[in-house]
Amino acid sequence: MRRAHGFVLSAALVSLCAPALAEPLCACDTQMSVYFSPNGGALQAIVSEIDGARQSVHMQAFHFRSKPIIQALQNAKKRGVDVRLIVDAEDAARSNSRARDAAAKGVPVFTDASHGTAHNKVTIVDGKIVITGSYNYTDKAETRNSENLLVIRSKDLASQYEREWGKHFSHSKPFK
């Protein structure tokens, strides 16, 4: 079944990958959509999932330069959603980073300087949706680069990502 410009994958396909995971997944509740760029709908998929958030949006970004994602995070924060963004500290210091813009719009931004590169590109929505892949949160990722994005609906997987996100959040510092 085609969804926007992405494809929905069945839980049976996920079960083929489960043995390689650190913690096994129950694939029975898993649905995935995949998007490819350029112009494959990944940005809209991210914004749509953030727009649908009711409880939390926990994001980690290596490159963070997307105005539509900032707007979606700001809107979620205004709705009372627990929004927190972790960015790579070195990348956040660059002049083209939008971390400053996000913070100025009320999005809680934190920097992770505990690694050579904080290269994660992941968003966990409401503890049940994981958005991940090579897709950087940038305009180039959507319009020029060859990248991929997975939107995975799985409480089991989201729980694992949320724990990992929490580890990075615990050593991140508020953006200044």
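As a reminder, the structure under discussion sits directly above these lines.
In this convention, every chain numbers its residues from 1, walking through the sequence in written order. Local features in a predicted model are, by the rule used here, given only for residues with pLDDT of at least 70; side-chain atom pairs are given and counted only at 80 or more, and totals for whole chains, interfaces and linings are based on all residues. With hydrogens and water excluded, all non-hydrogen atoms of the structure serve as input to the side-chain values.

## What about the overall build of the chain?
- Check the secondary structure of the chain and you find 7 helices and 10 strands.
- Categorising residues by exposure relies on relative accessible area from a 1.4 Å probe, with only protein chains included: less than 20% of the type maximum marks a residue as buried, more than 50% marks it as exposed, and the intermediate range marks it as partly exposed. Relative to its full complement of 176 residues, the chain shows a buried share of 48%.
- Residues count as neighbours in contact if any of their non-hydrogen atoms are within 4.5 Å of one another. Within the chain, contacts between residues at least 6 apart in sequence are counted, and of these 73% link residues at least 24 apart.
- The protein chains shown are the only cover counted for residues, whose accessible areas, like all others here, come from Shrake-Rupley with a 1.4 Å probe. In the structure as shown, the chain presents an accessible area of about 8,600 Å², 54% of it carried by carbon and sulfur atoms. The way it works is that DSSP assigns letters per residue, a run of H or I at least four long becomes a helix, a run of E at least two long becomes a strand, and they are numbered from the N terminus.

## Description of the pattern of salt bridges
- The salt bridge criterion pairs a side-chain nitrogen of Lys or Arg with a carboxyl oxygen of Asp or Glu, the two atoms within 4 Å. In the structure shown here, the tally under the stated rule is 7 salt bridges.
- Among the salt bridges present, the one from R84 reaches D82, with a minimum N-O distance of 2.8 Å.
- Exposure remark for R84: the relative accessible area of 22% places this residue in the partly exposed category.
- For D82, a relative accessible area of 29% puts it in the partly exposed group.
- Here D91 ties to R94 by a salt bridge, and the two come within 3.7 Å at their closest N and O atoms.

## Some points on helix α7 (residues 155–171)
- With 17 residues, α7 ought to run about 24 Å at 1.5 Å a step, and its terminal C-alpha atoms sit 25 Å apart, in line with that.
- Among all positions in α7, only L157, A158, Q160, W165 and H168 are buried. Projected onto a plane normal to the axis of α7, the buried residues spread over an arc of 160 degrees and lie on a single side. Within α7, the exposed residues directed more than 90 degrees away from the buried face are K155, K167 and S170.
- Those residues of α7 hidden inside the fold are in contact with β4 (56–61), β5 (82–88), β6 (109–112), β7 (122–125), β8 (129–132) and β9 (147–153). The span one expects for a helix is its residue count, reduced by one, times 1.5 Å. In this context, the arc is that of the directions from the helix axis out to the C-beta atoms.

## Notes on the pairing of β8
- With burial as the criterion, each face of β8 is covered, one bearing I129 and I131 and the other bearing V130 and T132.
- In this antiparallel pair of consecutive strands, β7 and β8, the connection spans 3 residues, and D126 shows a positive phi of 55 degrees.
- When DSSP finds two or more bridges between two strands, those strands count as paired. Inspection of the sheet shows β8 paired to β9 by 4 bridges, in the antiparallel sense. Paired with I131 across the two strands is V151, which belongs to β9.

## Quick notes on the pairing of β5
- Burial of β5 is extensive: 5 of the 7 residues sit out of reach of the surface.
- In the sheet, β4 pairs with β5 via 6 bridges, with the strands oriented parallel. Counterpart to Q60 in the pairing with β5 is I86.
- For the crossover from β4 across helix α3 (residues 67–78) to β5, the handedness is right-handed. The path from the first strand over the helix to the second decides the hand: if it runs clockwise while the strands point away from the viewer, the crossover is right-handed.

## A look at unusual backbone geometry
- Here the residue pair S37 and P38 is connected by a cis peptide bond, since its omega of 15 degrees sits within 30 degrees of zero.
- Note that P38 resides in the loop between β3 (31–37) and α2 (42–51).
- We note that N39 has phi near 55 degrees; this positive angle belongs to a residue other than glycine.
- Its place among the elements puts N39 in the loop between β3 and α2.
- We note that D126 has phi near 55 degrees; this positive angle belongs to a residue other than glycine.
- Its place among the elements puts D126 in the loop between β7 and β8.

Geometric descriptors of this kind do not, in isolation, establish any biological role.
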